[in-house]
Amino acid sequence: MRTQAVTLLHLPVGGANEHGSSGSLTNLAAGAVCGLLAAGTAIAVGHLVAVLIAPGASPILAVGSTFIDLTPEWLKSFAIRTFGTNDKVVLLAGIAIALGLLAGAIGLVASRRPSVAIAAIGALGLVGALAALARPGGSALDVVPALAGAAAGCIALAVLLRQGGRSSRVAAAEASDELSRRRFLTAGAGVGALILVSGGLALAVAGRRSTDAGAGVGLDLPTPLEPATAIPGGADLGIEGVAPFITPNDQFYRVDTALVVPTISPTDWRLRIHGMVDREITLTLPELLALPAIERDITLTCVSNQVGGEYAGNARWIGIPLATVLGEAGVQAGADQIVSRSIDGMSIGTPTAIALDGRDAMLAVGMNGVPLPAVHGAPVRLIVPGLYGYVSATKWLVDLELTTFDAYDPYWVERGWAKEGPIKTMSRIDAPKPLARIPARTINVAGVAWAQHRGIERVEVRVDGGAWADAKLAPRDTLDTWRQWVYPWDAVPGNHTLEVRATDATGAGQPETRAEPFPDGATGWHSVVVSVT
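What counts, and at which threshold
Residues numbered from 1 in each chain as written. Predicted model: local features only at pLDDT ≥ 70, side-chain atom pairs only at ≥ 80, totals over all residues. Heavy atoms only, no water. Helix = DSSP H or I, 4+ residues; strand = E, 2+ residues; numbered from the N terminus. Buried < 20%, exposed > 50% of the residue type's maximum accessible area, 1.4 Å probe, protein only. Contact = heavy atoms within 4.5 Å. Areas by Shrake-Rupley, 256 points an atom, 1.4 Å probe, with all protein chains shown as cover. Lys, Arg positive; Asp, Glu negative; His and termini not counted. Charge placed at Lys NZ, Arg CZ, Asp CG, Glu CD. Phe/Tyr/Trp six-rings, centres within 6.5 Å; stacked < 30°, edge-to-face > 60°. Lys NZ or Arg CZ within 6 Å of the ring centre and 35° of its normal. Axes fitted to C-alpha atoms, helices over the stretch in contact; angles between N-to-C directions. Parallel < 35°, antiparallel > 145°, perpendicular 65-115°, else oblique. Left-handed = near helix turned anticlockwise from the far one by under 90°. Nonpolar A, V, L, I, M, F, W, Y, C, P; charged D, E, K, R; others polar. Pairing = 2+ DSSP bridges. Patch = residues over 30% accessible without salt bridge, like charges linked within 9 Å, V, L, I, M, F, W, Y side chains within 5 Å. Salt bridge = Lys/Arg side-chain N within 4 Å of Asp/Glu carboxyl O. Expected span 1.5 Å × (residues − 1).

> Please explain the overall build of the chain as it appears in this structure.
Across its full length, the chain holds eleven helices and 19 strands. Across the 533 residues of the chain, 52% fall into the buried class. Residue pairs in contact within the chain that sit at least 24 positions apart in sequence constitute 74% of those at least 6 positions apart. Total accessible area on the chain is roughly 23,100 Å²; 61% of this is exposed by carbon and sulfur atoms. Looking at charge distribution, the chain has the averaged site of its 40 positive side-chain charges lying 10 Å from that of its 46 negative ones.

This is how it looks when you write it as structure tokens:
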């Protein structure tokens, strides 16, 4: 029997390992396992090194972020619409599956061409390193995790191949199969343990940092010199199925490009203010919190929100007025854009004139009475009422640059979204739900409507294309918050279509024409179909 320099372990199955197909199939399985273990080692070690020395530069996350950046807008919109806040989980699962298939293929190649397989693992590491380096703010240090992971993966594959091989001296001996099997299983167990330890340690360290940041460790909320006005009685109608007037933190929508929530220790946080300013400054968190704070109720809305969508939420925020912070640096004439940047490199552009026109734009540090949660931008995020989040609501804020629209296109503008994004008047039916089956009686058709910084003046409902009827509006809190509404409807048996439209305080009505969110927000009347029995 002729042997090769490196041949994967032949595991006998029913005595057919030498001449039958069973041995070949076992060889394929062993090869695939080698590839998977090598790739797993590269990912786990790379992630651990990233957590320890270059947070955010984890190879698989860097590749995932690059994929997001290169994804066309129609596909992004589809993912958000289809998977909601689980879009990142789906993306990571897809990447994991693709890597698993590729790793298995590399393992199969390794049985005959080990050098090619090892080179392939190294090439994957190089792809991860380049993706990390290409991230906004990427540095030479960011390539280390991917390269370290690739090196570990190559070593793991070489060890597995060597331990699973058979030397010509003992190839003919029946005992050699059992010896190779034991060596291979021992090596595989060792590599598996390395994967578990590295991955577990990385998750533990990252989890601890996330817990500290999410709990606002080291952060005491400032007492606002301008507290929010009391929410008027009846602002929440208490109707089942309708979004509460104040959205709990754990129910507040989240739409961003961060595959893993960035964590910033309050003691390490810095805010750089530069560009077209009289003097460049850098603020620590204590310095920021020493400035006079305000407290406001503000509804936020994502531009990705479809008609009737759930990417809107209302909270009570505590923060430092943006005008106060920029006043510390001095804004120069001609600076018509404020580019805010996140710790993960996301850039968002806000019209300077709108941000500083007197509205309650702020650097928020508190949400509904607690320090800002990590998933919502801790320790500091930007909020500008009346603008969609893609031009106003930077999370994990670390940089403010005064510049011009002509000089710089932020992340979303580069991808075709409008440079300015005022929130459009919108209303939504929360109850009854689409396709609900309800008894024939008087029921409450109810929901919410918003037109931030203009306010909602009127909401109307119609049934089956008939005449529009005024709904009852809950008392207004501020122009920057949504309003609940309710319309008592005498439901009769049959299938019915319910529609809603709103009018803002300027007299402008909600457009009837349906338009997708891209490039500046969705329009259209929301409708639901119900069955009355």
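> Quick question: what am I supposed to make of the packing of aromatic side chains here?
Here a ring pair, both rings aromatic, is described through the centre-centre distance and the interplanar angle of the planes. Applying the stated criterion to the full structure yields nine aromatic pairs. Considering the side-chain rings of Trp412 and Trp417, the 6.4 Å spacing of their centres and the 80 degrees angle between planes classify their relative orientation as edge-to-face. Residue classification places Trp412 among the buried positions, given a relative accessible area of 17%. Residue Trp417 is classed as buried on the basis of its relative accessible area of 5%. The structure contains a cluster of three or more aromatic residues connected by ring pairs, namely Tyr390, Tyr411, Trp412, Trp417 and Phe518. Across from the ring centre of Tyr408, 5.1 Å away, lies the NZ or CZ of Arg341, which sits over that ring. The lysine or arginine in question, Arg415, covers the ring of Tyr411, its NZ or CZ lying 3.6 Å from the ring centre.

> I would appreciate a short explanation of the packing of helix 5 (residues 114-134) against helix 6 (residues 144-163) in the present structure.
Packed helix pairs are specified by the crossing angle of their axes together with the interaxial distance, meaning the distance between the axes. Between helix 5 and helix 6, the shortest axis-to-axis distance is 8 Å and the interhelical angle comes to 165 degrees. Between helix 5 and helix 6, the angle falls in the class roughly antiparallel. Judged by the sense of rotation from one axis to the other, the crossing of helix 5 with helix 6 is right-handed. Where helix 5 approaches helix 6, its residues Pro114, Ala117, Ile118, Ile121, Gly122, Gly125, Gly128 and Ala129 are matched on the opposing element by Ala146, Leu147, Ala150, Gly153, Cys154, Leu157, Ala158 and Leu161. Each residue belonging to the contact of helix 5 with helix 6 can be placed in one class, and the counts come to twelve nonpolar, four polar and no charged.

> So what exactly am I meant to see when it comes to the pairing of strand 18 (residues 494-504) here?
Each regular strand shows side chains that alternate between the opposite faces of the sheet. In the sheet, strand 14 (residues 456-463) pairs with strand 18 via seven bridges, with the strands oriented antiparallel. Bridge pairing links Val461 to Val500 in strand 18.

> Could you clarify how one ought to interpret the sheet that holds strand 6 (residues 347-351) in this entry?
The strands making up a sheet associate through backbone hydrogen bonding, with each pair oriented either parallel or antiparallel. With mixed pairing, the five strands of this open sheet are ordered in space as 2-1-10-5-6. Strand pairing shows two members of the sheet lacking a second neighbour, strand 2 (281-284) and strand 6, which therefore form its edges. Looking at each pair of strands side by side, their axes are set apart by 20 degrees on average, direction ignored. Those strands touched by helix 9 (residues 322-329) are strand 1 (270-275), strand 2, strand 5 (337-342) and strand 10 (397-403), and its axis lies near 60 degrees from that of strand 1.

> Looking at this structure, I do not really get the packing of helix 4 (residues 87-110) against helix 5. What am I missing?
Running from amino to carboxyl end, helix 4 crosses helix 5 at an angle of 155 degrees, the nearest separation of the two axes being 7 Å. With respect to helix 5, the axis of helix 4 lies roughly antiparallel. Side by side, helix 4 and helix 5 meet where Leu102, Ile106, Val109 and Ala110 of the first sit next to Pro114, Val116, Ala117, Ala120, Ile121 and Leu124 of the second. For the contact of helix 4 with helix 5, a count of residues per class yields ten nonpolar, no polar and no charged.

> Which parts of the structure should I look at to understand a nonpolar patch on the surface?
Residues Leu52, Ile53, Leu141 and Val144 make up a contiguous nonpolar surface patch of roughly 320 Å² in combined accessible area. Positionally, Val144 belongs in helix 6.

> Whenever I open this one, helix 6 confuses me. Can you help?
Residues three or four positions apart in an α-helix share a direction because the helix packs 3.6 residues into each turn. With 20 residues, helix 6 should reach 28 Å at 1.5 Å per residue; the first-to-last C-alpha distance of 28 Å fits that figure. Listing the buried residues of helix 6 in full gives Pro145, Ala146, Gly149, Ala150, Ala152, Gly153, Cys154, Ala156, Leu157, Leu160 and Leu161.

> Would you explain the pattern of salt bridges in this entry?
Pairs may arise between side chains of opposite charge once their charged atoms sit close together. Here the structure, examined in full by the defined rule, presents 19 salt bridges. We note a salt bridge from Arg476 to Glu457, for which the minimum N-O separation is 3.3 Å. Here Arg476, found in the loop between strand 16 (472-473) and strand 17 (483-490), pairs with Glu457, found in strand 14; they are 19 residues apart in sequence, far enough to count as distant. The exposure class of Arg476 is partly exposed, given its relative accessible area of 30%. Between Glu460 and Arg501 there is a salt bridge; the shortest N-O distance is 2.9 Å. Of the two residues, Glu460 sits in strand 14 while Arg501 sits in strand 18, which places them 41 residues apart along the sequence. A residue is classified by how much of its surface remains accessible, and Glu460, at 6% relative accessible area, is buried. Residues joined by salt bridges that share partners form a network here, namely Arg458, Glu460, Asp470 and Arg501.

> When you look at the sheet that holds strand 19 (residues 526-532) in this model, what are you seeing that I'm missing?
Here we have five strands laid out as an open sheet, ordered 12-19-18-14-15, and mixed in their pairing. Across the chains shown, the open sheet's two edge strands, defined by having one partner strand only, are strand 12 (437-438) and strand 15 (469-470). Here two bridges tie strand 14 to strand 15, and the two strands are oriented antiparallel to one another. Bridge assignment links Glu460 to a residue of strand 15, and that residue is Asp470.

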